[in-house]
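Residues per chain are reported as follows:
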Amino acid sequence: MDPKIKSCKNFNGYKPCFSDHNCWENGCKEHNPMGTKILIINLDAMGDVLMTTAQLLPIKQKYPSSTIYWVTLKNAAGLLHNNPYIDKVFTYDFETVSILNSLEFDIVMSIDKSLRSGALASQVNAKQKLGFGINENGKIIPFNEGAYYNYKLGMDDHLKFKINQRTGQDYLAETLELPYLRSEYIFEFTDDEREFISNYKKNNGILETDEIIGFNTGCSELFPNKKMTVEQHIILIEKLLSMNRFKIVLLGGPEDTERNHLISHEFGKQVINTPTSDGIRKGACYESIPQLIITGDSFGMHLAIALKKYVIAWFGLSCWTEIELYDRGVKLFPEDLFCAPCWKKQCPYNLECIQMIDLERIVNETVNYFDNIKSN
């Protein structure tokens with residue numbers, strides 16, 4: 001057997017790499033070396049998974065000859081589909097764990113501070129482990145010195161809420177011992193998806209010259225207080241429609257179906273209420289249509305960033321300093337509000353941070369963005 005076979009990405013052992021060649025008996029025909037074998041473990045929220053894709057370019061620059069495996073939850077796996085930097089995506093289940101425990105990696109990059117991710121990272125056979133694992137008592141621990149600052153952010157609310165000014169990508173790069181390059185998220189549509197987007201625009205009378213605003217109206221049920229109210233959305237949309245220049249698109253997932261219906265009911269055919277139950281890839285197709293996205297700190301915000309949209313993001317309970325908009329947007333947050341950010345699931349102060357959202361500024365920022373496009 002040609003020794004190159006063992007280290008070739010093309011060879012899998014159950015079918016020929018090339019229909020006219022037997023690699024096992026005749027040697028490797030086109031050696032594609034695996035290089036450094038890297039496993040990324042990222043089982044947190046879908047927005048976090050998208051944000052982690054910003055580390056792929058630094059990984060490839062540091063390890064140009066490498067094979068990248070990524071294990072994530074089933075609901076997030078689609079976000080990694082068609083990603084040119086990832087060789088294999090695993091969905092987290094018993095079968096995946098048994099396969100991964102049979103492999104040997106050069107590096108494991110464990111992103112999440114959680115028991116399930118830490119347990120998997122601690123079990124997997126790897127020469128080097130970066131990020132977070134668990135100890136024999138089930139406590140989350142940092143694997144490496146580079147993970148200490150990231151770890152301390154979880155231990156110290158004052159550091160996280162009041163002192164830290166570093167973005168999530170910045171301290172994640174440090175956690176993974178990578179250079180911080182301010183790299184972009186990576187999300188790639190397929191040709192079929194691009195055709196779907198084009199057809200959806202045609203079927204809904206959307207022209208290339210239209211000024212289109214997308215509203216991500218909700219968020220996951222994990223932190224329900226990260227939502228602007230239905231009434232606030234209606235006020236905003238009324239103001240924007242009164243200018244007779246914008247088209248409005250409502251965006252969201254299954255958890256946003258009811259509130260999007262309530263909002264669209266106020267305006268009828270004046271707004272385009274996109275489907276909310278077509279899955280994340282179709283959801284990304286719909287979100288690709290507007291030039292500007294108005295959103296809270298949600299998966300929809302991260303998707304807008306990945307799609308390189310102009311983002312007007314408002315924040316309440318979450319940490320606005322950690323979000324990188326890549327100079328394509330503005331962040332609105334409750335300045336001088338003593339209790340924000342807080343990450344509480346229940347608010348003892350009547351959700352002041354949501355009441356303080358400056359709707360007039362959102363309108364002005366929206367108009368300014370489209371006016372600047374016209375002038376340029």
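Note that the structure is a prediction, hence the values are computed from the model and not measured.

1. Looking at the sheet that holds strand 11 (residues 310-314)
Taking strand neighbours across the sheet as the criterion, the six strands line up as 9-8-7-10-11-12 in an open arrangement whose pairing is parallel. Edge strands, defined here as strands with exactly one partner in the open sheet, are strand 9 (271-273) and strand 12 (329-332). Averaged over all pairs of adjacent strands, the angle between their axes in this sheet comes to 15°, without regard to strand direction. When strand 11 meets strand 12, the two strands line up parallel, connected through four bridges. Residue pairing across strands places Val311 opposite Gly329, the latter belonging to strand 12.

2. Observations concerning the sheet that holds strand 5 (residues 125-134)
Taken together, the six strands give an open sheet; going across it, the order is 3-2-1-4-5-6, and neighbouring strands pair in mixed fashion. The open sheet has two edge strands, strand 3 (88-91) and strand 6 (140-142), and neither has a second partner. Going from strand to strand, the sheet's axes swing by 30° on average, the running direction of each strand aside. Both strand 1 (residues 36-41) and strand 4 (residues 104-110) contribute to a ladder of four bridges, which runs parallel. In the strand pairing of strand 4, Leu39 is matched with Val108. Running at roughly 160° to strand 5, helix 6 (residues 115-123) makes contact with strand 1, strand 2 (66-72), strand 4, strand 5 and strand 6 of the sheet.

3. Examining the layout of surface pockets
Estimates place the volume of the second largest pocket at around 370 Å³. Within the residue set of the lining of the second largest pocket, elements represented by two or more residues are strand 2, strand 3 and strand 4. Grouping the constituent residues of the lining of the second largest pocket by class yields eight nonpolar, one polar and five charged.

4. Notes on the nonpolar core
Residues Ile40, Ile59, Met109, Tyr185, Phe187 and Ile305 are the most contacted members of the largest nonpolar core, which totals 53 residues. Top element by residues in this core is helix 14 (residues 299-306). It accounts for five residues. Residues contacting Ile40, with those up to four places away along its chain left out, are Thr52, Leu56, Ile59, Ile68, Tyr69, Trp70, Val71, Met109 and Ile111. Counting 31 residues, the second-largest nonpolar core is a separate cluster that includes Ile213, Tyr310, Leu332 and Phe370.

5. Concerning the pattern of salt bridges
Taken as a whole and assessed by the stated rule, the structure comprises 16 salt bridges. Residue Asp87 is joined to Lys9 by a salt bridge in which the shortest nitrogen-to-oxygen separation is 3.1 Å. Taken together, the positions of Asp87 in the loop between helix 4 (74-77) and strand 3 and Lys9 in the segment before helix 1 (23-26) put the pair 78 residues apart, joining distant regions of the chain. The salt bridge involving Glu211 is made with Arg245; its shortest N-O contact spans 2.8 Å. Here Glu211, found in strand 7 (residues 211-216), pairs with Arg245, found in the loop between helix 11 (230-241) and strand 8 (246-251); they are 34 residues apart in sequence, far enough to count as distant. With a relative accessible area of 11%, Glu211 lands in the buried category. Look at Arg245 and you get partly exposed, because its relative accessible area is 26%.

6. Here's the deal with the packing of aromatic side chains
One pass over the structure, following the stated rule, counts 14 aromatic pairs. Considering the side-chain rings of Phe132 and Tyr151, the 6.3 Å spacing of their centres and the 25° angle between planes classify their relative orientation as stacked. With Phe132 in strand 5 and Tyr151 in helix 7 (residues 148-155), this pair connects stretches of sequence that are 19 residues apart. Assessed through its relative accessible area of 0%, Phe132 is described here as buried. Here Tyr310 and Tyr369 contribute two aromatic rings whose centre-to-centre distance is 4.3 Å and whose plane-to-plane angle is 20°, an arrangement assigned as stacked. Of this pair, Tyr310 sits in strand 11 while Tyr369 sits in helix 16 (residues 359-375); the two residues are 59 residues apart in sequence, bridging distant segments of the chain. For the pair Tyr310 and Tyr369, one class covers both residues: buried. Residue placement shows Lys88 over the ring face of Phe90; its charged tip is 5.3 Å from the ring centre.

Calculation notes
- Residues numbered from 1 in each chain as written.
- Predicted model: local features only at pLDDT ≥ 70, side-chain atom pairs only at ≥ 80, totals over all residues.
- Heavy atoms only, no water.
- Pairing = 2+ DSSP bridges.
- Helix = DSSP H or I, 4+ residues; strand = E, 2+ residues; numbered from the N terminus.
- Axes fitted to C-alpha atoms, helices over the stretch in contact; angles between N-to-C directions.
- Contact = heavy atoms within 4.5 Å.
- 1 Å grid on protein atoms, 1.4 Å probe; cavity = no way out; pocket = protein on both sides within 12 Å on 5 of 7 lines; lining within 4 Å.
- Points joined across faces, edges and corners; volume = space filled by probe spheres on them.
- Nonpolar A, V, L, I, M, F, W, Y, C, P; charged D, E, K, R; others polar.
- Core = buried A, V, L, I, M, F, W, Y, C linked by side-chain atoms within 4.5 Å.
- Buried < 20%, exposed > 50% of the residue type's maximum accessible area, 1.4 Å probe, protein only.
- Salt bridge = Lys/Arg side-chain N within 4 Å of Asp/Glu carboxyl O.
- Phe/Tyr/Trp six-rings, centres within 6.5 Å; stacked < 30°, edge-to-face > 60°.
- Lys NZ or Arg CZ within 6 Å of the ring centre and 35° of its normal.

In short, the description is geometric, and any link to function would need to be established separately.
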